[in-house]
Amino acid sequence: MATLADPQPDFATLPQMAADVFTAPLARPAHVGEDWLEPRQTDYTAADHAVWDDLFARQMEILPGRACSAFLAGLEKLDLGRGGVPDFGKLSEELGQLTGWSVVPVPMLIPDHVFFWHLANRRFPAGNFIRTRETFDYIEEPDVFHDVFGHVPMLTDPTYADYMQEYGRAGWKAMRYNRLKALGALYWYTVEFGLILENGTDLRAYGAGILSGPTEARFAVEAESPNRIMLNVDRVMRTDYVISDLQPTYFVIESFADLYRQTVERDFDRLYRSLPAGFTYANSAVIDVDNVLHRGTQEYHLRGGRGSGAKPV
Ligand SMILES: [Fe+2]
């Protein structure tokens, strides 16, 4: 059996974790196997499908002019607005023809090494459940709307699709060096909250955390409050992040080829050896090496952030 130190180059079978690698203790539900895949997608009620439709309609009011063109094209290609929560089987067939990715149902949280293994095999693990009317505006746990609406359209872009697979492969290395937190920050500031400067001038969102919520698309792209800084991988991997509020800082890429170049085409062994175990920079910091597009006022966070009544935009 392959070990963490020695996964097969093709990641065909799930490598076993070495005993000295820390992973969050998650109890595996009895009905899922070692791959943590649900046997089938949930049967959604009519009310669940209506929640999807309403969330979809709301985002489509906000996203034109704020979401990147690859995302909007992906929504069209996959016809995610055809009505109701998409069927993962059909979606996987269509996505498979475009970039070879599929979407697979998993319980809410799965272990890091299993998540990485699915990505390395071009399978995107998506949560089954959908939020309720009571949690319509904000949920902390990602649901099927966040996972499918937010993430899956981007997987129709060939370069981005390759980046996601390489991210999964890179996860194993990060665990070996005990630098999962640093790799997690890279995921956070790219896959979840990344911005892109299209045509060198138009700031747009490609991060799923921005694209799947009602407030952050405006905040990330237009507000005076947050910093917007060109992506620098060494710097991002040393930067703390906030999970329960809007981001004080967003990192911006020039293109997906630029993202791929900065990450996949570099020597992460060297980088991990030089990274401290914890974060060095606060999530609102601007430091001397930064290529700053916009230095934020941080007004939203200085006023107390979420729950304080501070207006995001
Ligand atoms: Fe996400």
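This is a predicted model, so every value here is computed, not measured.

Trainee: Explain a nonpolar patch on the surface to me, using residue names and the numbers behind them.
Mentor: Residues Leu-26, Met-108, Leu-109 and Phe-129 make up a contiguous nonpolar surface patch of about 340 Å² in total accessible area. Position of Leu-109 relative to the elements: it lies in the loop between β1 (102–106) and α4 (112–120).

Trainee: Quick one: what's the story with the nonpolar core, residue by residue and with numbers?
Mentor: Grouped together as the largest cluster of nonpolar side chains are 93 residues, with contacts concentrated most on Val-148, Tyr-160, Met-237 and Phe-256. Top contributing element to this core by residue count: helix α6 (residues 158–176), with eight residues. When neighbours within four sequence positions are excluded, Tyr-160 is seen to be in contact with Met-154, Leu-155, Val-191, Tyr-206, Phe-256 and Leu-259.

Trainee: Go over helix α2 (residues 69–78) with me, naming the residues and quoting the values.
Mentor: Along α2, the residues classified as buried are Ala-70, Phe-71, Gly-74, Leu-75 and Leu-78. For α2, the arc enclosing every buried residue in end-on projection is 140°, short of the 170-degree limit, so these residues lie on one face. Residues of α2 that are buried in the fold lie against α1 (46–62), α3 (88–99), α5 (144–151), β3 (195–198), α8 (208–211) and α11 (256–263). Just beyond α2, the residue with positive phi is Asp-79, at close to 50°.

Trainee: Describe the sheet that holds strand β5 (residues 227–230), with residues and values.
Mentor: Sheet strands line up and pair through hydrogen bonds in the backbone, either parallel or antiparallel. What the five strands build is an open sheet, ordered β4-β3-β6-β5-β7; its pairing is mixed. Each of the sheet's edge strands pairs with one partner strand only, and the pair in question is β4 (202–205) and β7 (292–294). Put simply, the sheet's adjacent strands are angled 35° from each other on average, direction ignored. As paired elements, β5 and β7 share two bridges and run antiparallel to each other. The residue bridging Ile-229 from the neighbouring strand is Val-292, located in β7.

Trainee: How would you summarise the pattern of salt bridges if you had to cite specific residues and measurements?
Mentor: For the structure on display, the rule yields 13 salt bridges. Two residues, Asp-79 and Arg-82, come together in a salt bridge whose shortest N-O distance is 3.9 Å. Note that Glu-299 and Arg-303 form a salt bridge whose closest N and O atoms lie 2.8 Å from each other. Classification of Glu-299 as partly exposed rests on a relative accessible area of 41%. On the basis of relative accessible area, Arg-303 is assigned to the exposed category, the value being 57%. Via salt bridges that share partners, Asp-79, Arg-82 and Glu-94 belong to a single interconnected network.

Trainee: Residues and numbers for the coordination of the iron ion, please.
Mentor: For the iron ion, the full set of protein donor atoms is His-146 (NE2), His-151 (NE2), Glu-192 (OE) and Glu-192 (OE), at a range of 2.0 to 2.8 Å. Around the iron ion sit four donor atoms; with metal-centred angles ranging over 51 to 133°, the donor geometry is irregular. Donor residues binding the iron ion come from one chain and are separated in sequence as H-x4-H-x40-E. One end of the pair, His-151, is in helix α5; the other, Glu-192, is in helix α7 (residues 180–192), and 41 residues separate them in sequence. Neither His-151 nor Glu-192 differs from the other in exposure class; each is buried.

Trainee: Which residues make up unusual backbone geometry, and what values go with them?
Mentor: Unlike most non-glycine residues, Arg-122 shows phi in positive territory, near 55°. Of the residues examined, Arg-122 reaches a relative accessible area of 16% and is grouped as buried. The backbone of Asn-199 shows a phi angle near 55°, a positive value even though the residue is not glycine. Structurally, the position occupied by Asn-199 is in the loop between β3 and β4. The class for Asn-199 is exposed, based on a relative accessible area of 68%.

Trainee: Help me get a handle on the side chain of Asp-245, residues and values and all.
Mentor: Its location among the elements puts Asp-245 in the loop between α10 (233–236) and β6 (249–253). Although Asp-245 is buried, it forms no salt bridge, and the closest oppositely charged side chain is Arg-306 at an N-O distance of 4.0 Å. Within polar-contact distance, the side chain of Asp-245 engages the backbone nitrogen of Arg-306 at 2.7 Å. Excluding residues within four positions of it along the chain, Asp-245 makes contact with Tyr-138, Tyr-300, His-301, Gly-305 and Arg-306.

So, how was this worked out
Residues numbered from 1 in each chain as written. Predicted model: local features only at pLDDT ≥ 70, side-chain atom pairs only at ≥ 80, totals over all residues. Heavy atoms only, no water. Patch = residues over 30% accessible without salt bridge, like charges linked within 9 Å, V, L, I, M, F, W, Y side chains within 5 Å. Areas by Shrake-Rupley, 256 points an atom, 1.4 Å probe, with all protein chains shown as cover. Salt bridge = Lys/Arg side-chain N within 4 Å of Asp/Glu carboxyl O. Helix = DSSP H or I, 4+ residues; strand = E, 2+ residues; numbered from the N terminus. Core = buried A, V, L, I, M, F, W, Y, C linked by side-chain atoms within 4.5 Å. Buried < 20%, exposed > 50% of the residue type's maximum accessible area, 1.4 Å probe, protein only. Contact = heavy atoms within 4.5 Å. Arc of directions from axis to C-beta. Pairing = 2+ DSSP bridges. Axes fitted to C-alpha atoms, helices over the stretch in contact; angles between N-to-C directions. Donors = N, O, S within 2.8 Å, 3.2 Å for Na, K, Ca; no water. Tetrahedral: all angles 85-135°; square planar, octahedral: opposite > 155°, others 65-115°. Lys, Arg positive; Asp, Glu negative; His and termini not counted. Polar contact = N/O pair within 3.5 Å; in protein donor to acceptor, adjacent residues only side chain to side chain.

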